[in-house]
Amino acid sequence: MRNRSLYAQTVTVYHGDAAAGQVVRTVLRGVFWQHGRRRTPGADGTTAGEVLLLVVPETTAHYGADYTLEPGDRLCPGEGPDIPWADWPAFVPGARAEVAVIQYVLPMYRGGALHHLEAGAWWTGSGTGAHSLTN
């Protein structure tokens, strides 16, 4: 991870904690973030999907100590707003274009130590599902 200009973005991670009735918000600086939507025409109409990649170097924040991330967590570019628990169900990509939902989390190791974390969502014909890794 030598080229630090790649890791110059900020993203806000949101984790809904139903047991506590709260949304845990964590701002991560020094990350790589790429988010977009893809549309393809088809005989039965336009198919839309989402693609997302977040890379968090371990030198930026320590996974498990400084932040947590798991499938279903939501991301927002930049320093996003505080979200009260009552607003959590509506804080979704369908209601807010800047919001993305994590489908997979992949810790990456180098020399036996955690080097960085990759998380994201993969586009498929239906627009959802990490099973597109095999497509």
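Rules and cut-offs
Residues numbered from 1 in each chain as written. Predicted model: local features only at pLDDT ≥ 70, side-chain atom pairs only at ≥ 80, totals over all residues. Heavy atoms only, no water. Salt bridge = Lys/Arg side-chain N within 4 Å of Asp/Glu carboxyl O. Helix = DSSP H or I, 4+ residues; strand = E, 2+ residues; numbered from the N terminus. Buried < 20%, exposed > 50% of the residue type's maximum accessible area, 1.4 Å probe, protein only.

A. Examining the pattern of salt bridges more closely. Taken as a whole and assessed by the stated rule, the structure comprises four salt bridges. Across the pair Arg25 and Glu79 runs a salt bridge, and its minimum N-O distance is 3.6 Å. With Arg25 in strand E2 (residues 22–42) and Glu79 in the loop between strand E4 (74–77) and strand E5 (100–101), this pair connects stretches of sequence that are 54 residues apart. The exposure class assigned to Arg25 is partly exposed, which follows from its relative accessible area of 28%. Between Glu79 and Arg29 there is a salt bridge whose closest N-O contact spans 2.6 Å. Here the residue Glu79 occupies a position in the loop between E4 and E5, and Arg29 occupies one in strand E2, the gap between them amounting to 50 residues. Looking at Glu79, the relative accessible area reads 51%, which means it is exposed. Among the charged side chains, a salt-bridge network with shared partners connects Arg25, Arg29, Glu79 and Asp82.

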